[in-house]
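Spelled out, the chains give:
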Amino acid sequence: MNEEPPSSHQDKSWLDKLLHAFSGEPQSQEELLDIIKDAADNKLLDQEALEIIQGALEVSGQQVREIMIPRTQMITINIDDPTEEFLSKVIESGHSRFPVVGENVDDIRGILLAKDLLPLVLKGHDGFELESIIRQANIIPESKRLNVLLREFRENRYHMALVIDEYGGISGLITIEDILEEIVGEISDETDDDNNDAFIRKVSDNDFIIKALTPIEEFNETFNTQLEDEEFDTIGGLLMKDFGHLPQRNETATINGFKFRVLYSDSRQVHLLRLSIIESKDSD
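This one's a predicted model, so the numbers in the text were calculated from it and none came from an experiment.

## Here's the deal with the overall build of the protein
Counting its secondary structure elements, the protein contains 9 helices and 12 strands. Out of the 284 residues in the protein, the part that is buried amounts to 39%. Long-range pairs, those at least 24 residues apart, make up 45% of the contacts in the protein with a sequence separation of at least 6. Accessible surface for the protein amounts to roughly 17,500 Å². Of this, 45% is attributable to carbon and sulfur atoms.

## Section: the side chain of Asp81
Its place among the elements puts Asp81 in the loop between strand 2 (77–78) and helix 4 (83–93). Contacts of Asp81, omitting those with residues within four sequence positions, involve Phe86 and Lys89.

## Quick look at the packing of aromatic side chains
A ring pair, where both rings are aromatic, is described by two values, the distance of the centres and the angle of the planes. Inspection of the entire model under this criterion finds 6 aromatic pairs. Both rings, one in Phe219 and one in Phe260, keep their centres 6.0 Å apart while their planes meet at 40°; by these two values the pair is tilted. Here Phe260 lies in strand 11 (residues 258–265) and Phe219 lies in helix 8 (residues 216–223), a separation of 41 residues in the sequence. Connected via pairs of aromatic rings, a cluster forms that spans Phe208, Phe219, Phe223, Phe258 and Phe260.

## Let's talk about the sheet that holds strand 8 (residues 200–204)
The 5 strands are arranged 8-9-12-11-10 in an open sheet whose pairing can be described as antiparallel. With one partner strand each, in any of the chains shown, strand 8 and strand 10 (252–255) form the two edges of the open sheet. Averaged over all neighbouring strand pairs, the angle between strand axes comes to 25°, with direction disregarded. Where strand 10 and strand 11 come together, 4 bridges link them in antiparallel fashion. If you follow Thr254 over to strand 11, its bridge partner there is Lys259.

## Brief notes about the side chain of Asp116
Structurally, the position occupied by Asp116 is in the loop between strand 4 (108–113) and helix 5 (119–123). Side chain to side chain, Asp116 and Arg135 meet in a polar contact 3.1 Å long. Every residue in contact with Asp116, bar those within four places of it in the chain, is listed here: Ile133 and Arg135.

## As for the pairing of strand 12 (residues 270–277)
The buried fraction of strand 12 amounts to 6 of the 8 residues, a majority that puts the element mostly inside the structure. As paired strands, strand 9 (residues 207–211) and strand 12 are joined by 5 bridges and run antiparallel to one another. Looking across to strand 12, one finds that Ile209 is bridged to Arg274. As defined by bridge partners, strand 11 adjoins strand 12 across 7 bridges and the pair is classed as antiparallel. Within the sheet, the bridge partner assigned to Tyr264 lies in strand 12 and is Leu272.

## Observations concerning the confidence of the model for the protein
Per-residue confidence for the protein gives a mean pLDDT of 80, with 80% of residues at or over 70. Considering only residues more than four positions removed or in separate chains, one finds that residues 1–12, a stretch of pLDDT under 50, has 2 contacts.

## Regarding helix 4
The periodicity of an α-helix, 3.6 residues per turn, causes residues three or four places apart in sequence to face the same way. Burial in helix 4 covers these residues: Thr83, Phe86, Ser88, Lys89, Val90 and Ser93. Downstream of helix 4 by a residue or two, Gly94 has a phi angle that is positive, lying close to 80°.

## Re helix 7 (residues 176–184)
Listed in full, the buried residues belonging to helix 7 are Ile176, Asp178, Ile179 and Ile183. Down the axis of helix 7, the sector holding all buried residues measures 165°, keeping them to one side.

## Considerations on the environment of Gln226
Relative to the assigned elements, Gln226 resides in the loop between helix 8 and helix 9 (235–243). For the pair formed by Gln226 and Ile216, sequence separation is 10 residues and the distance between their alpha carbons is 8.8 Å.

## Considering the packing of helix 6 (residues 146–156) against helix 7
Two elements in contact, helix 6 and helix 7, have axes whose closest approach is 10 Å; the angle formed by their N-to-C orientations is 125°. When the interaxial angle is binned, helix 6 and helix 7 end up oblique. The hand of the helix 6/helix 7 crossing is left-handed. Between helix 6, through Leu146, Leu149, Leu150 and Phe153, and helix 7, the contact on the second element is made entirely by Ile176, Ile179, Leu180 and Ile183. Class assignment for the residues of the contact of helix 6 with helix 7 results in 8 nonpolar, no polar and no charged.

How each quantity is defined
- Residues numbered from 1 in each chain as written.
- Predicted model: local features only at pLDDT ≥ 70, side-chain atom pairs only at ≥ 80, totals over all residues.
- Heavy atoms only, no water.
- Helix = DSSP H or I, 4+ residues; strand = E, 2+ residues; numbered from the N terminus.
- Buried < 20%, exposed > 50% of the residue type's maximum accessible area, 1.4 Å probe, protein only.
- Contact = heavy atoms within 4.5 Å.
- Areas by Shrake-Rupley, 256 points an atom, 1.4 Å probe, with all protein chains shown as cover.
- Phe/Tyr/Trp six-rings, centres within 6.5 Å; stacked < 30°, edge-to-face > 60°.
- Pairing = 2+ DSSP bridges.
- Axes fitted to C-alpha atoms, helices over the stretch in contact; angles between N-to-C directions.
- Polar contact = N/O pair within 3.5 Å; in protein donor to acceptor, adjacent residues only side chain to side chain.
- pLDDT = per-residue confidence, 0-100.
- Arc of directions from axis to C-beta.
- Parallel < 35°, antiparallel > 145°, perpendicular 65-115°, else oblique.
- Left-handed = near helix turned anticlockwise from the far one by under 90°.
- Nonpolar A, V, L, I, M, F, W, Y, C, P; charged D, E, K, R; others polar.

Structure follows, in structure tokens:
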């Protein structure tokens with residue numbers, strides 16, 4: 001008998017599609033993805049490779065504004081900050097690059113690389129001037145396509161860019177890691193926590209680093225408490241009410257046995273907090 005086995009027919013069908021895809025005829029991205037998915041179904045690609053290809057295709061159609069870190073979540077260093085103050089911010093944030101600003105966030109002076117601060121460990125910081133080590137900032141529009149920016153990152157060997165809106169104001173920032181994560185998924189290194197995007201990070205039994213954007217509901221569930229959430233949705237909003245003003249770094253407030261210390265805030269809002277439990281919650 002000359003009948004072909006079913007598997008042979010399936011392989012031929014996929015091969016026909018592949019040859020059709022590269023025959024020079026116009027093809028849509030959707031059709032190309034269908035062929036790639038068929039290849040994965042036929043074990044010619046593994047799932048990880050499929051996801052990377054899909055990510056790369058999606059990035060080619062995305063713009064910077066879709067994935068950038070918004071202005072309100074940027075951690076910046078003021079050119080006039082005392083050395084002790086910006087060093088503390090560098091250490092507590094764990095980032096490797098920081099926009100350096102002047103009078104406001106729109107007044108970009110450059111980029112600080114954390115590694116450029118290493119000489120301070122040996123030489124001390126008497127007479128140190130931040131302006132002497134900052135690097136030129138790269139400014140890009142929100143509309144730039146991610147695949148184009150990724151190529152520029154690689155060719156020009158820089159890793160961060162500041163993003164401007166149509167009026168020339170700073171609207172956010174983006175790094176090469178942000179783009180790569182769109183392609184291959186989240187990238188972690190040995191300094192990252194297992195849950196780096198978590199609102200609450202445990203430091204010790206009674207100490208935590210928390211984001212001001214932490215939902216009060218999540219805070220209550222984590223610490224088995226009942227902070228009021230009718231007027232405000234986030235811990236930052238609740239603290240703003242308690243302070244009665246926009247708090248500065250190192251200001252503290254105590255609410256229901258929790259001591260909050262501001263680690264980082266800017267001219268608009270609080271971003272990062274240190275939480276200390278000063279009395280047991282077991283009786284709640």
